[in-house]
Amino acid sequence: MLQAFVFAFCTTAGFSILFHVPKKHILSAGFVGAMGWMTYTWFIASGSGSILSCFAGSCAVALISELFARFFKDAATVFIIPGILLLVPGANMYYTMLAILEGDVERTASVATETILMAGAIAVALLVVASAAKLLALMARKLLTDRK
Amino acid sequence: MINRIQKKVLILAMRAGELMMKSGAEIYRVEDTVTRICKACKIPYVEVFATPTGIFLSLDEGLDGEMHTFIKRIKGTGIDLEKISRINHFSREFTNTSLSVDEGLAILKMIAGIKPYPLLLRMLGAAVVASFTALIFGGALQDFICASIAGSCAYLLSMLLDKFDTNLFIRIFSCCAAATFVSLALFAAGLGSNFNSVIIGSIMIFLPGVALTNAVRDTLAGDMVSGTSKGIEAVVIAVSITSGVGVALKLWTFLGGAY
């Protein structure tokens with residue numbers, strides 16, 4: 001588990017360098033990515049399918065990013081973009097290609113479908129969390145102004 | 001007639017928007033920033049329409065004044081989160097304090113001049129990404145080294161092709177093909193133990209994560225035009241990665257290599 005954390009942390013920190021994340025945020029971006037990946041592996045280990053796990057991992061990334069964005073007073077994108085990348089199904093894209101080359105039509109179809117659904121799961125997770133965060137922020141603001 | 005100060009405000013707002021768009025910001029953030037800057041300078045009616053390839057800005061001075069529309073074509077995109085973060089802070093500062101327009105222009109010029117991290121550090125970043133991903137996807141220690149070589153080679157090639165303004169599809173296609181080829185060559189030389197994980201690691205830096213994220217965020221904010229275009233970008237990148245890897249694998253067996 002610790003090993004997975006370290007690997008994911010280093011990968012995300014590497015992405016942060018490529019995308020020029022501000023220096024002070026590189027460690028927190030690495031933490032976001034590592035937590036997302038840990039959630040993903042935890043769900044996989046507890047027997048969930050890869051699509052649900054991807055959804056959960058992306059939810060974790062988006063949630064922590066929104067919290068960090070409020071905390072550091074910065075854009076949430078700064079954390080989400082490097083954090084999400086490890087969950088994007090690159091390995092599945094590769095296995096799809098491998099199946100195509102081997103001429104295994106059935107496996108191609110199943111792996112490709114899984115890849116597309118995983119990407120979809122990431123998109124939906126980001127959407128849900130971002131909308132919820134927006135809604136909560138609006139409600140909090142409204143409550144505060146009403147009290148005044 | 002539009003006066004000098006208003007002209008400067010326009011330049012300021014347009015430049016901020018252009019910089020953000022070129023750094024890979026979401027549409028709603030760009031539109032919000034441009035509107036806020038114009039409103040802060042007491043322009044009563046502002047209407048912004050931003051797409052990934054251009055910004056349209058329309059200003060109205062009220063019934064007595066004239067209406068002005070400006071179009072800025074945006075060419076070339078990249079990702080620079082530091083710039084997005086800085087401009088975000090800048091727009092907040094500009095609206096909340098009494099910064100003058102000239103000072104604002106000077107700050108934007110400074111932000112535009114920010115360079116990304118040095119090339120060697122970025123190559124190291126690519127190597128770190130590739131090697132640790134290879135470990136995550138079941139590689140051994142020697143694959144760690146192979147993946148870092150393949151990853152940084154691919155990144156260097158992508159930077160080189162970027163200099164010659166190669167289009168997105170061809171750039172990612174050739175980088176992924178090169179990464180696959182290097183991985184297979186290292187494997188054939190007896191260095192790697194699991195070439196699957198090495199290839200997965202070295203194509204990791206080209207994955208369309210940013211396009212995917214921004215497509216979702218734009219769609220969420222109701223910017224359907226940009227949402228769809230970013231979504232298509234993500235699909236194009238995915239197709240170019242898989243076809244690049246596929247061509248390289250096929251070519252490798254064609255040349256007599258085994259895997």
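Residues numbered from 1 in each chain as written. Chains lettered and ligands numbered in written order. Predicted model: local features only at pLDDT ≥ 70, side-chain atom pairs only at ≥ 80, totals over all residues.

J.: How should I be thinking about the overall build of chain B in this particular structure?
T.: The secondary structure content of chain B amounts to 10 helices and 3 strands. Counted from the first residue to the last, chain B has its helices and strands arranged as α-α-β-β-β-α-α-α-α-α-α-α-α. If you line up chain B on its principal axes, its C-alpha atoms span 75 × 30 × 30 Å. Looking at chain B as a whole, 50% of its 259 residues qualify as buried. In chain B, of all internal contacts separated by at least 6 residues, the share reaching a separation of at least 24 is 66%. (Helix = DSSP H or I, 4+ residues; strand = E, 2+ residues; numbered from the N terminus. Buried ≥ 20, exposed ≤ 12 C-beta atoms within 10 Å, placed from the backbone. Contact = placed C-beta atoms within 7 Å.)

J.: Where do I start with the domain arrangement of chain B in this structure?
T.: Interface size, as often reported, equals the accessible area lost upon joining of the parts. Residue and element names in this part refer to chain B. Under the domain assignment, chain B is made up of domain 1 (4-112) and domain 2 (119-254). Spacing between the C-alpha centres of domain 1 and domain 2 amounts to 34 Å. Listed by partner, the interface residues are 7 residues for domain 1 and 10 residues for domain 2. When its residues are assigned to classes, the side of domain 1 that touches domain 2 shows 4 nonpolar, 2 polar and 1 charged. (Domains from an automatic or database assignment. Nonpolar A, V, L, I, M, F, W, Y, C, P; charged D, E, K, R; others polar.)

J.: Explain the interface of chain A and chain B here, please?
T.: Listed by partner, the interface residues are 36 residues for chain A and 41 residues for chain B. Those elements that provide at least two residues to the side of chain A that touches chain B are helix H1 (2-18), helix H4 (77-84), helix H5 (90-101) and helix H6 (105-147) of chain A. Grouping the constituent residues of the side of chain A that touches chain B by class yields 28 nonpolar, 7 polar and 1 charged.

J.: In this structure, what is going on with the packing of helix H1 (residues 4-22) of chain B against helix H2 (residues 27-40) of chain B? I would like to understand it.
T.: Packed helices, taken two at a time, are described by the angle between their axes plus the distance between the axes. Residues and elements named next belong to chain B. At a minimum axis separation of 9 Å, H1 and H2 run at an interaxial angle of 165°. In terms of their interaxial angle, H1 and H2 are classed as roughly antiparallel. The handedness of the crossing between H1 and H2 comes out as right-handed. Taking contact as the criterion, the partners of Val-9, Leu-12, Ala-13, Ala-16, Gly-17, Met-20 and Met-21 in H1 are, on H2, Arg-29, Val-30, Thr-33, Val-34, Ile-37 and Cys-38. (Axes fitted to C-alpha atoms, helices over the stretch in contact; angles between N-to-C directions. Parallel < 35°, antiparallel > 145°, perpendicular 65-115°, else oblique. Left-handed = near helix turned anticlockwise from the far one by under 90°.)

J.: Any chance you could explain unusual backbone geometry here in plain terms?
T.: A negative phi angle is the norm for most residues apart from glycine, just as the trans form is the norm for most peptide bonds. Residue and element names in this part refer to chain A. Phi at His-20 is positive, roughly 55°, even though this residue is not glycine. One can find His-20 in the loop between H1 and helix H2 (26-45). One non-glycine residue, Lys-73, lies in positive phi territory at about 55°. When you line up the elements, Lys-73 lands in the loop between helix H3 (50-72) and H4.

J.: I tried to follow the pairing of strand S3 (residues 67-73) of chain B on my own but got confused; where do I start?
T.: In regular strands, side chains alternate between the two faces of the sheet. All names here are of chain B. Among the 7 residues of S3, 0 are classified as buried, and the element is accordingly described as predominantly exposed. Where strand S2 (residues 54-60) lies against S3, 7 bridges are found, and the strand directions are antiparallel. Following the sheet pairing, Ser-58 is matched in S3 by Thr-69. (Pairing = 2+ DSSP bridges.)

J.: It is not clear to me how H2(A) should be interpreted in this structure. Could you clarify?
T.: Residues that lie three or four places apart on an α-helix share one face, since the helix turns once every 3.6 residues. All names here are of chain A. Taking 1.5 Å per residue as the helical rise, H2 with its 20 residues ought to reach 28 Å, and the 28 Å between its terminal C-alpha atoms agrees with that figure. Taken as a whole, H2 has its buried residues at Ser-28, Ala-29, Gly-30, Val-32, Gly-33, Ala-34, Met-35, Gly-36, Trp-37, Thr-39 and Tyr-40. Here the buried face of H2 lies against H1, H3 and H4. (Expected span 1.5 Å × (residues − 1).)

J.: Any chance you could explain the nonpolar core here in plain terms?
T.: If you look at soluble globular proteins, the nonpolar side chains tend to sit buried side by side. With 132 residues, the main nonpolar core has Ile122(A), Ala150(B), Cys176(B), Ala179(B) and Ile203(B) as its most contacted residues. Looking at this core element by element, the count peaks at 12 residues for helix H7 (residues 168-188) of chain B. Lining this core are residues from two domains, each supplying at least three of them: domain 1 (4-112) and domain 2 (119-254) of chain B. Apart from the residues lying within four places of it in its own chain, the contact partners of Ala150(B) are Ala130(B), Ala179(B), Val182(B), Ser183(B), Leu186(B), Val198(B) and Ser202(B). (Core = buried A, V, L, I, M, F, W, Y, C linked by C-beta atoms within 7 Å.)

J.: What should I look at first to understand the environment of Phe94(B) in this one?
T.: All names here are of chain B. Residue placement: Phe-94 occurs in helix H3 (residues 81-96). Classification of Phe-94 as buried rests on a count of 25 C-beta atoms within 10 Å. Contact partners of Phe-94, with chain neighbours within four places excluded, come to Ile-37, Ala-40, Leu-99 and Gly-104.

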